[in-house]
Number of protein chains: 2
Amino acid sequence: VIHINGDRLLSDLRELASIGKFQTGVDRVAFSAADIEARRWLVAKLQAAGLDASMDQVGNVLGRYPNVASAVLVGSHTDTVPKGGWLDGALGVVYGLEIARSAIEAGERLTTGIDVVSFQDEEGTFLPFLGSRSFCADVTEAEIAHCRSRDGTQLAKALATIAHETPPLRFDAARHLCFLEAHIEQGPRLEAARRRIGVVSAIVGIRRFRIRVRGRADHAGTTPMASRSDAGAELIKLAAWVGEEFSRLAGPDTVWNIGQIEFRPGAANVVPAEAEMLLEFRDPRGDMLDAIETRLLERVSAPQSRSCKIEAEQLVRIPPTAMADDLRELIATATTAAGEQPLLMPSGAGHDAMVLARFVPTAMMFVPSIGGRSHDVTENTSDLDIVRGCEVLAAAVSELRRKLSNGRAS
Amino acid sequence: VIHINGDRLLSDLRELASIGKFQTGVDRVAFSAADIEARRWLVAKLQAAGLDASMDQVGNVLGRYPNVASAVLVGSHTDTVPKGGWLDGALGVVYGLEIARSAIEAGERLTTGIDVVSFQDEEGTFLPFLGSRSFCADVTEAEIAHCRSRDGTQLAKALATIAHETPPLRFDAARHLCFLEAHIEQGPRLEAARRRIGVVSAIVGIRRFRIRVRGRADHAGTTPMASRSDAGAELIKLAAWVGEEFSRLAGPDTVWNIGQIEFRPGAANVVPAEAEMLLEFRDPRGDMLDAIETRLLERVSAPQSRSCKIEAEQLVRIPPTAMADDLRELIATATTAAGEQPLLMPSGAGHDAMVLARFVPTAMMFVPSIGGRSHDVTENTSDLDIVRGCEVLAAAVSELRRKLSNGRAS
């Protein structure tokens, strides 16, 4: 069994949080000076712990456990959203560091080690999951060539700043037997349920649509109601229908959001000529996503409005990602053994684990987010929860190494 | 009876439309070079017709009929919205010019003449109804000092460019016995009813509100629906309620509009923390406006949502303006005499007549807008309708002069 050092874990997390510190949080967007500094810090920490570590030309950091034929891959990402929190991503990476370091210190001889990874640009400053996709050789040259950040910077230009680093580090199917990613929950469910450990059942699928209504601009004083083609009123009816109908269709884990509405021309005294909204819905079950999408598209194409045209454009279609059953159970068992009751729950947000799961058995573990906050400087988790999470993951990794050193991953 | 010259009327309208021509329309916003040029053109035309005409320091143009003790004031405005049409305002001004000119040419001797006016900035590039309010001595120094155009230009700076002109021309209660404003309808009602002349019953009152909902931003994937304070969803419910409830409350002339909606932060995957809309409603009856406002504010303050705060801020409150009954009847009679059937209708848009009506008996007459279009380069009215409108107004002015020259305005 690996005994982690809780004080050292917290100290490392705080040291990492000082790189790109912003108010009570961190601003360490991918490829920024702070991001690269944090990655170099991680390489040094991994090397000091006895791992063979480097950063590659994409910004991925991999620490390879010494003298083993195979490894449990543990990690997450160290980049953040702008003005983000100190734990989103960093937690899972420093868990990996602390667990591998503790294992090396314990001197236990097993054929399966612990490799530690920090993927680049999970948050999509340029390309979401760039690092984990590169690691799995799942990015095309064309994608990189066309990709720009929101502020217009070319990804190619950002990559050029670290072109002298190690050639891309890749997932090694012979060595990497499974991937474990610990992460803050980024939601309120663990806190509400008074649990310390969430075991992720699946990462939800996401479907996102832009729905656009086209009518005709008219003077809002001189045009009688019956003579209008009011794109705004039509969109409001549709949006209200979404609220009612999705509530009726939803399963226990379904969520949806209308995050943006825009009317054009957008003046108080002009009937809107165009109105559009961004609508997304998420669920861990593909059949639920299908059912909701079918109903939505039926409504959009129904001739309920004869005066306006409605179109739905699909912007995002990400399938749900199941977690490996045996790894999930292993984490749940380790949780119970630590005296905690695990909460089985979907991940409502995307993670690098989504990418890795296509190539290797993968599981995720959550620790509570205070007030459900994340992507903000108020993001936090109690020290006790942070340490307990690492202890549970260390126990799961121990058990996994023991099993894998006797055979292969299931 | 005054016999107007239809060809001359159309020729003058087209000449005026060439000043600030933009595509098939006109861009002649208040105080622009084109606007001032158009006003100087009007002064010259009025002088050539035999009126005593000048432009004042605000940009108002007044032509005084010669050798009379009193006058019917006829006119509108020559400024336009950006990229506007050729008739909005110009029509009523050139009607005044043509009617006064024809009356002088006819040589009829009456004690009541015809004064012609073009008010400044009816369209509110700086301050809506600046000209008619200045004419009625109804603008404060403070309003002018604080007023800026949308692009940030100070009204004071615009006024400085014509500071050398005549001191403010003012409404003269002893001379100006009534005000008649002809205007394009800017809506589809005359066309739909196949009528050439609209007689305005009243100018609608306008109430405009900004309604703001405050909730809490949350990750739209990780936050269960029941844990959200979704300002966007709450605003959508309220907006849908407006559509249903206002339809129920509305009278035959009630119109309303939700012209703008904004969600913040406005990202697909973030539950809106704030949502607001601009809602206005108009009606010629004050009691109808009161009834709608009462219902709206009841709904806004009802505790229907416990998770979000809703506030309504009143931005505009303009009372309805009744037109003078006897003047209305005079125009209706002139219409019937011309072989046309008048349509009694409210004006859904504001006009300078709204300001003048507070000081002097006032009436308005509409001619059809093709397709209901206005505030756009496609704004148009058939030549026949333009000429017929001027003939009807000339007949009404003739009758009015005859009556007023025998006594005083009612």
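In short, a report on the structure. The model shown is predicted, which means the values in this text are computed figures rather than measured ones. Within every chain, residues take consecutive numbers counted from 1 along the sequence as written. By the order in which they are written, chains take letters starting at A while ligands take numbers starting at 1. Local features are withheld for residues below a pLDDT of 70 in this predicted model, meaning they are given only at 70 or higher, and side-chain atom pairs are given and counted only at 80 or more; totals for whole chains, interfaces and linings count all residues. With hydrogens and water stripped out, all remaining heavy atoms of the structure feed into the side-chain values.

**Looking at the overall build of chain A**
Here is step 1 of the chain: In this description a helix means any DSSP run of H or I spanning at least four residues, a strand means any run of E spanning at least two, and both kinds are numbered starting from the N terminus. Broken down by element type, chain A carries 12 helices and 17 strands.
Here is step 2 of the chain: In terms of overall size, chain A behaves like a compact globule, its C-alpha atoms giving a radius of gyration of 24 Å where 410 residues would be expected to give roughly 22 Å.
Here is step 3 of the chain: Working definition: with a 1.4 Å probe on protein chains only, accessible area under 20% of the residue-type maximum means buried, over 50% means exposed, and in between means partly exposed. In chain A, which comprises 410 residues, the proportion classed as buried is 58%.
Here is step 4 of the chain: Note on definitions: a residue-residue contact is assigned when non-hydrogen atoms from the two residues lie within 4.5 Å. Long-range pairs, those at least 24 residues apart, make up 79% of the contacts in chain A with a sequence separation of at least 6.
Here is step 5 of the chain: All tallies of charge rest on Lys and Arg as positive and Asp and Glu as negative; His and the ends of each chain are not included. Charge positions are represented by NZ for Lys, CZ for Arg, CG for Asp and CD for Glu. Averaging the locations of the 46 positively and 54 negatively charged side chains of chain A gives two centres separated by 3 Å. To get the radius of gyration, use the C-alpha atoms; to get the globule rule, take the number of residues to the power 0.38 and multiply by 2.2 Å.

**Things to note about the relation of the copies chain B and chain A**
Here is step 1 of the chain: Copy-to-copy alignment: least squares on C-alpha atoms, limited to residues at pLDDT 70 or above in both. Rotating chain B by 180° about the axis while translating it 0.0 Å along that axis superimposes it on chain A, leaving an RMSD of 0.1 Å. Overall, the copies show the geometry of a two-fold rotation axis.
Here is step 2 of the chain: A share of 100% of the interface residues of chain B reappears at the interface of chain A, consistent with the copies meeting face to face through the same patch.

**A closer look at the pairing of strand β3 (residues 52-55) of chain B**
Residues and elements named next belong to chain B.
Here is step 1 of the chain: Because side chains alternate across β3, one face comprises the buried residues A53 and M55, and the other comprises D52 and S54, none of which is buried.
Here is step 2 of the chain: In this sheet, strand β4 (residues 61-64) lies alongside β3 in antiparallel orientation, the contact comprising four bridges. Counted as the bridge partner of D52 is R64 from β4.
Here is step 3 of the chain: Pairing between strands requires that DSSP locate at least two bridges from one strand to the other. Hairpin connection between β3 and β4: a loop of five residues separates the two successive antiparallel strands, and G59 in this loop has a positive phi of roughly 110°.

**Some words on the packing of aromatic side chains**
Here is step 1 of the chain: Centre distance within 6.5 Å is the pairing criterion for rings of Phe, Tyr and Trp, where only the six-membered ring of Trp is used; planes under 30 degrees apart are then read as stacked, over 60 as edge-to-face, and the remainder as tilted. Taken as a whole, this structure holds 16 aromatic pairs over all chains when the rule is applied.
Here is step 2 of the chain: Arranged with centres 6.0 Å apart and planes meeting at 15°, the rings of A:F209 and A:F281 form a pair that is stacked. Separated by 72 residues along the polypeptide, A:F209 in strand β9 (residues 205-214) and A:F281 in strand β13 (residues 274-283) bring together distant segments of the chain.
Here is step 3 of the chain: Summarising the aromatic geometry, the rings of B:F119 and B:F179 are spaced 5.9 Å apart at their centres and angled 70° between planes, so their arrangement reads as edge-to-face. One end of the pair, B:F119, is in strand β6 (residues 112-119); the other, B:F179, is in strand β7 (residues 176-184), with 60 residues separating them in the sequence. When sorted by exposure, B:F119 lands in the same class as B:F179, which is buried.

**A few points about the sheet that holds β13(A)**
Residues and elements named next belong to chain A.
Here is step 1 of the chain: With respect to topology, four strands assemble into an open sheet ordered β11-β13-β9-β14, the strand pairing being antiparallel. The sheet is open, and its two edges are formed by β11 (255-264) and β14 (309-318), each paired on a single side. Looking at each pair of strands side by side, their axes are set apart by 15° on average, direction ignored.
Here is step 2 of the chain: Bridge analysis of β9 against β13 gives 10 bridges, and the strand direction is antiparallel. Each residue of the ladder has a partner; that of I206, found in β13, is R282.
Here is step 3 of the chain: In the packing of helix α9 (residues 286-301) onto the sheet, the strands contacted are β9, β13 and β14, and the crossing angle to β9 comes to about 5°. To get an axis, fit a line to the C-alpha atoms, keeping to the stretch in contact for a helix; angles then go from 0 to 180 degrees between the N-to-C directions.

**Some thoughts on the interface of chain B and chain A**
Here is step 1 of the chain: With 44 residues of chain B in contact, the opposing surface of chain A contributes 44 residues.
Here is step 2 of the chain: Summed over both partners, the interface of chain B with chain A comes to about 3500 Å²; 59% of that surface belongs to carbon and sulfur atoms.
Here is step 3 of the chain: Using a 1.4 Å probe, buried area is obtained as the accessible area two parts lose upon being combined, added over both of them. Sorting the residues of chain B by area buried against chain A places B:T222, B:I236 and B:A268 first, and these three jointly supply 16% of that buried surface.
Here is step 4 of the chain: Salt bridge, as used here, is a side-chain nitrogen of Lys or Arg placed within 4 Å of a carboxyl oxygen of Asp or Glu. In this assembly, chain B and chain A are joined by two salt bridges.

**Concerning the environment of B:P272**
Here is step 1 of the chain: Structurally, B:P272 can be placed in the loop between β12 (270-271) and β13 (274-283).
Here is step 2 of the chain: The exposure class of B:P272 is buried, given its relative accessible area of 0%.
Here is step 3 of the chain: The spatial distance from the C-alpha of B:P272 to the C-alpha of B:R216 is 6.9 Å, given a sequence separation of 56 residues.
Here is step 4 of the chain: The contacts of B:P272, once residues within four sequence positions are left out, are A:N257, A:I258, A:G259, B:R216, B:S229, B:D230, B:A231, B:G232, B:F263, B:R264 and B:P265.

**Quick word on the side chain of A:D352**
Residues and elements named next belong to chain A.
Here is step 1 of the chain: Examined against the element boundaries, D352 turns out to sit in helix α11 (residues 352-356).
Here is step 2 of the chain: Buried charge without a salt bridge: D352, with R39 as the nearest opposite-charge side chain at an N-O distance of 7.9 Å.
Here is step 3 of the chain: Non-local contacts of D352, meaning those with residues more than four positions away in its chain, are made with S76, H77, F119, E122, F129, S132, F179 and E181.

**Some details on unusual backbone geometry**
Here is step 1 of the chain: Each neighbour pair has its own omega, and for A:R264 with A:P265 the value is 5°, a cis peptide bond.
Here is step 2 of the chain: By the element assignment, A:P265 lies in the loop between β11 and β12 (270-271).
Here is step 3 of the chain: In this structure, B:A137 takes a positive phi of about 55° despite not being glycine.
Here is step 4 of the chain: Backbone geometry places B:R194, a non-glycine residue, at a positive phi of 55°.
Here is step 5 of the chain: B:R194 sits in the exposed class, given a relative accessible area of 78%.

**Side note on the pattern of salt bridges**
Here is step 1 of the chain: The full count for this structure, using the stated rule, is 82 salt bridges over all chains.
Here is step 2 of the chain: In this structure, A:R373 and B:D218 form a salt bridge, with 2.3 Å as the shortest nitrogen-oxygen distance. With A:R373 in the loop between β17 (362-367) and α12 (383-406) and B:D218 in strand β10 (residues 218-219), the pair connects residues from two separate chains.
Here is step 3 of the chain: A relative accessible area of 23% places A:R373 in the partly exposed class.
Here is step 4 of the chain: Residue B:D218 is classed as buried on the basis of its relative accessible area of 6%.
Here is step 5 of the chain: Residue B:D138 is joined to B:R133 by a salt bridge in which the shortest nitrogen-to-oxygen separation is 3.7 Å.
Here is step 6 of the chain: One salt-bridge network, held together by shared partners, links A:R210, A:R212, A:R214, A:E262, A:R264, A:E274, A:E276, A:E311 and A:E313.

**Observations concerning the packing of helix α8 (residues 231-249) of chain A against helix α8 (residues 231-249) of chain B**
Here is step 1 of the chain: Relative to each other, α8(A) and α8(B) sit at 125°, their axes nearing to 9 Å. Viewed along their axes, α8(A) and α8(B) adopt a mutual orientation that is oblique. Crossing hand, α8(A) versus α8(B): left-handed. Together, A:I236, A:A239 and A:A240 of α8(A) and B:I236, B:A239 and B:A240 of α8(B) make up the contact between the two elements.
Here is step 2 of the chain: When the residues that make up the contact of α8(A) with α8(B) are grouped by side-chain class, the tally is six nonpolar, no polar and no charged. Between 65 and 115 degrees an angle is taken as roughly perpendicular, under 35 as roughly parallel, over 145 as roughly antiparallel, and anywhere else as oblique. Handedness of each helix crossing follows the sense of rotation of the near helix against the far helix: counterclockwise by less than a right angle gives left-handed, clockwise gives right-handed. Classification convention: Asp, Glu, Lys, Arg as charged; Ala, Val, Leu, Ile, Met, Phe, Trp, Tyr, Cys, Pro as nonpolar; all other residues, Gly among them, as polar.

**Some remarks on the environment of A:A90**
Residues and elements named next belong to chain A.
Here is step 1 of the chain: Mapping A90 onto the fold places it in helix α3 (residues 90-106).
Here is step 2 of the chain: A90 sits 13 residues away from H77 along the chain, and the two C-alpha atoms are 6.1 Å apart.
Here is step 3 of the chain: Not counting chain neighbours up to four residues away, the residues in contact with A90 comprise L13, L16, R28 and H77.

**Some points on the packing of helix α1 (residues 6-17) of chain A against α3(A)**
Residues and elements named next belong to chain A.
Here is step 1 of the chain: As a packed pair, α1 and α3 sit with axes 10 Å apart at the nearest point and diverge in direction by 140°. By the angle between their axes, α1 is oblique relative to α3. For the pair α1 and α3, the crossing hand works out as right-handed. Residues R8, L9, D12, L13 and L16 of α1 touch α3, and the partners they reach there are A90, L91, V94, Y95, L97, E98, R101, S102 and E105.
Here is step 2 of the chain: Class assignment for the residues of the contact of α1 with α3 results in eight nonpolar, one polar and five charged.

**A closer look at helix α2 (residues 33-49) of chain A**
Because an α-helix completes one turn every 3.6 residues, residues spaced three or four positions apart along the sequence face the same direction.
Residue and element names in this part refer to chain A.
Here is step 1 of the chain: Expected span of a helix: the number of residues minus one, times 1.5 Å. Helix length check: α2 (17 residues) gives 24 Å between terminal C-alpha atoms against 24 Å at 1.5 Å per residue, within 8%.
Here is step 2 of the chain: For α2, the full list of buried residues reads A34, D35, I36, A38, R39, W41, L42, V43, K45, L46 and A49.
Here is step 3 of the chain: Following α2 by one or two positions, G50 has its phi on the positive side, about 105°.

**Topic: the sheet that holds strand β14 (residues 309-318) of chain B**
All names here are of chain B.
Here is step 1 of the chain: Taken together, the four strands give an open sheet; going across it, the order is β11-β13-β9-β14, and neighbouring strands pair in antiparallel fashion. Strand pairing shows two members of the sheet lacking a second neighbour, β11 (255-264) and β14, which therefore form its edges. Pairs of neighbouring strands in the sheet enclose a mean axial angle of 15°, with direction left out of account.
Here is step 2 of the chain: Where β11 and β13 come together, nine bridges link them in antiparallel fashion. Looking at β13, one finds that V255 is bridged to R282.
Here is step 3 of the chain: Packing against the sheet, α8 makes contact with β9 (205-214), β11, β13 and β14, and its axis sits at approximately 15° to β13.

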